[in-house]
Every structure is written in structure tokens, then in C-alpha cells.
Amino acid sequence: MEKAVGGYSFEEAAKEDPATKNFHSNDGVLTFAIVTHTAGNGFFDPVYVGATVAGNMIGAKILLLGSESPTDDPAREIEILNQIIQDPKLDGLILTTPQVGAYDDIVKTAMRNGIPVATTNSYDGTIHNRSGISHTGQDASAAAIAGEALVDCLMERGIESGSILLPSSTAMGNIEVNNRVTSAFNAVVTKLQAMGKLQDFKVDAGPENTGIDVNPNDPVNGIVALFESRGDVVGAFAGNNVFTPALAKAVDQMGKTGEICAYGFDLGPAQQEALRSGALTGALGQQPFLQGFWPVMQLYLQIDRGISAANLDTRAQLVTQENVSAVGSRYEN
């Protein structure tokens, strides 16, 4: 087929709009910024790679920005956002939104300036103009996969009782992580209950089921102290790139590799090494390459085609010692 029913040719329709490269800044090149809440621990590296790949495909300039901290730092991210949103060369903005309610002024400023916005990774369901802004990321409910796998691990190892702990820190201000911990906790409880074994285990995710508070600035020692205080830990789940490597190090440090069913989130280099060694039993990947690639393409489609708010769920993959070798072969974890 050479022509559409409407009479136009597909070849012509597939071309970029001549006005696209002069959108907003009118300088002949699209410039997008992607700003994250931590660029210091490696998780967002494949996000930046994905954004760069997409930028190269459409001929756009991509500014890779984020807090220098290795732990979640929404305050620094907001500081960067308030600076970049005033850049007259900016044509589109991508941001992570871990702190619910903190980004409305930034979105409103972008809208006043005629700059389209996309969010990625963490999700703020209350953000201004949410229904008109695309989001790329993994729903926190995917953490239930790890919770169920943790129970399976206990049963496969013949473990009949003990404590299952979910360490975290609400002080980090990341609602997505809090929701992951809650989802994993609920999955553990539900599965144990269905098996008639809930009464044999002590499942603890803190008073709000968002995690037992551990110092994010010293997570390894915090987890070791927590485990030693309980004395009978047989399973654990950590919900992000700060506490998952710390959980693995704590398990190794205590000589509990192969004894504690330890599950976590993300698939950075530290998690992959821990999976290979067995200190970490399993980890959930959220395919962060897509969390950089798709928002850039979404902004481009919004500018060039008028397509907006096309969300992408990057889903979850459970990675264990058996399949970790297949992860990260192209800088994508």
C-alpha cells in the first residue's frame, strides 16, 4: 500500500514536521533535560543511556542531570529542576517524582513556558495535570513478585519458622519505595496465610508496613544490628538500590549466605554480584533503560505528532543466581 484511505502517502506522513526542530526555543535543535533524584549510585545509569539512545535516534540534545548523592535526594533534584526550567533553550523536561506533592510548581512553570513534561521511574499520582502527562515506570505492586518468591524460597529450603524482616527508611521520602515494601509485605503475609503457615513466622515491615526504619547513611551496619536483635531472621526484603546491596552485604558479613532468603529491588552492579555469590537470593529489575528511552520518545511524539500521556509500565523481572548472567549485556539493567 502506498496511500492511506485519507488520500495521503505513507512516505510523506512518516516525515518529521518541518517545524519540530524549532519548537519552543526556535534554535533548530530539540533539547530535553532528564533530572533524577540520585545519580550517585548507578541505578539511573541505564536510564541515562536509554535517554541518550532515544535522543540520538531523533537528533535531540539530551541533558543528563540529577542529584550527586548515592541515596535518594529529592531536595537536590528540585533545586536542579528549578534551575533548568528557566533555561530558554529547553524544549522538554523529564523528571522523577519520588516526593509526592513537591513538583506542582515546576510543572505549572513548564506549562506557562510552553515546555512539555514527562515523568519517569517514581510516580506521583497527584501531580498537576497528571492525566495530561505521560509516565514511564514500574508499578510498586510488582514488589509482590519478590514477596511470593521469598515464601517459595523458605518452603523449598524447609524453613518452618522465624522472622521475615523488611528494612527501609521512610526518611528518604520516596513514596514508591514505601509502596514497594508494603506490596512485598502483603504478598508474604497473604501467601503464608494461604498455606496455613502465617502463625509460624513473624513478618515485620514496621508500624506502617512501609519498612523497619534503618539509617540510610549506614544501611549495612543498621541491617546487621537489626538482624542480630531479632536472632531468628530467615527472610528479608529491601525495596531499593540503597538497601538491597546493603542487605546482601549484611547477609555476607554475618555468614548467612544460603541461610537467609534475601530479596530486593533493582539490578545494578552490586546486586548482580550479590546474586552471583548467593548473598542475594533474588532481585526485581524494572528495566530502567526504558525509563530513559520512552520519555524522550514521548516528548518527541507530543511535539511532532500531538501524542501525549501515553504511559508505559516497564514491568518486573525476577532475577536469581540462575539467570543473572543474562542481565546487563548492553549497559541495561
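Residues numbered from 1 in each chain as written. Predicted model: local features only at pLDDT ≥ 70, side-chain atom pairs only at ≥ 80, totals over all residues. Heavy atoms only, no water.

Where strand β1 (residues 31–36) lies against strand β2 (residues 61–66), 6 bridges are found, and the strand directions are parallel. Bridging from a neighbouring strand, A33 pairs with L63 of β2. At this point the chain moves from β1, through helix α2 (residues 45–58), to the parallel β2, and the crossover so formed is right-handed. (Pairing = 2+ DSSP bridges. Helix = DSSP H or I, 4+ residues; strand = E, 2+ residues; numbered from the N terminus. Right-handed = clockwise from strand over helix to strand, strands pointing away.)

All right, on to the sheet that holds strand β4 (residues 117–120) then. The 6 strands lie next to each other as β2-β1-β3-β4-β5-β13, forming an open sheet whose pairing is parallel. Each edge of the open sheet carries a strand with a single partner, namely β2 and β13 (312–313). Relative to strand β5 (residues 134–137), β4 is paired through 3 bridges, and the arrangement is parallel. In the sheet register, A118 faces β5, and the bridge partner there is S134.

The next thing to look at is the sheet that holds strand β10 (residues 233–237). Overall, mixed pairing links the 6 strands, which are arranged β8-β6-β10-β11-β12-β14 in an open sheet. Only two strands of the sheet have a single neighbouring strand rather than two, namely β8 (201–204) and β14 (317–320). The sheet shows a mean angle of 20° between the axes of neighbouring strands, direction not considered. Summarising the sheet, strand β11 (residues 261–265) and strand β12 (residues 282–285) pair through 3 bridges and their orientation is parallel. The partner of G264 across the bridge, within β12, is A283. The strands touched by helix α5 (residues 144–156) within the sheet are β6 (162–165), β8, β10, β11, β12 and β14, with β11 carrying the most contacts at an inclination of about 165°. (Axes fitted to C-alpha atoms, helices over the stretch in contact; angles between N-to-C directions. Contact = heavy atoms within 4.5 Å.)

Turning next to the packing of aromatic side chains. Inspection of every chain in the model, using the stated rule, returns 3 aromatic pairs. Aromatic side chains F237 and F265 sit 6.5 Å apart centroid to centroid with 85° between the ring planes, which places their arrangement in the edge-to-face category. Highlighted residues: F237 in strand β10 and F265 in strand β11, separated in sequence by 28 residues. You'll find F237 and F265 in the same group, each marked buried. Each ring, one from F289 and one from F293, has its centre 5.9 Å from the other, and the planes form 15°; the classification is stacked. Of this pair, F289 and F293 are both found in helix α10 (residues 288–305), 4 residues apart, which corresponds to roughly one turn of the helix. Assigned by exposure class, F289 and F293 land together as buried. One residue, R180, lies across the ring of F265, its end atom 4.0 Å from the ring centre. (Phe/Tyr/Trp six-rings, centres within 6.5 Å; stacked < 30°, edge-to-face > 60°. Buried < 20%, exposed > 50% of the residue type's maximum accessible area, 1.4 Å probe, protein only. Lys NZ or Arg CZ within 6 Å of the ring centre and 35° of its normal.)

Residues M1, Y8 and F10 make up a contiguous nonpolar surface patch of roughly 410 Å² in combined accessible area. Looking at the element boundaries, F10 is found in helix α1 (residues 10–13). For F10, a relative accessible area of 38% gives the class partly exposed. (Patch = residues over 30% accessible without salt bridge, like charges linked within 9 Å, V, L, I, M, F, W, Y side chains within 5 Å. Areas by Shrake-Rupley, 256 points an atom, 1.4 Å probe, with all protein chains shown as cover. Salt bridge = Lys/Arg side-chain N within 4 Å of Asp/Glu carboxyl O.)

With that out of the way, let us pick up unusual backbone geometry. The phi torsion of most residues other than glycine is negative, and most of the peptide bonds are trans. You will see that N121, though not glycine, has its phi angle at about 70°, which is positive. Among the structural elements, N121 can be located in the loop between β4 and β5. Assessed through its relative accessible area of 5%, N121 is described here as buried. At N209, a residue that is not glycine, the phi angle is positive and equals roughly 60°. Position of N209 relative to the elements: it lies in the loop between β8 and β9 (212–213).

Moving on, we get to α10. Each α-helix turn comprises 3.6 residues. Residues three or four places apart therefore point the same way. The end-to-end C-alpha distance of α10 is 25 Å, a good match for the 26 Å that 18 residues give at a rise of 1.5 Å each. Most of α10 sits inside the fold, with 13 of its 18 residues counted as buried. Downstream of α10 by a residue or two, G306 has a phi angle that is positive, lying close to 75°. (Expected span 1.5 Å × (residues − 1).)

Here we take up the pattern of salt bridges. Inspection of the entire model under this criterion finds 11 salt bridges. Two residues, D152 and K191, come together in a salt bridge whose shortest N-O distance is 2.7 Å. Taken together, the positions of D152 in helix α5 and K191 in helix α6 (residues 175–194) put the pair 39 residues apart, joining distant regions of the chain. Taking the shortest distance from any N to any O, the salt bridge between D232 and K202 comes out at 3.0 Å.

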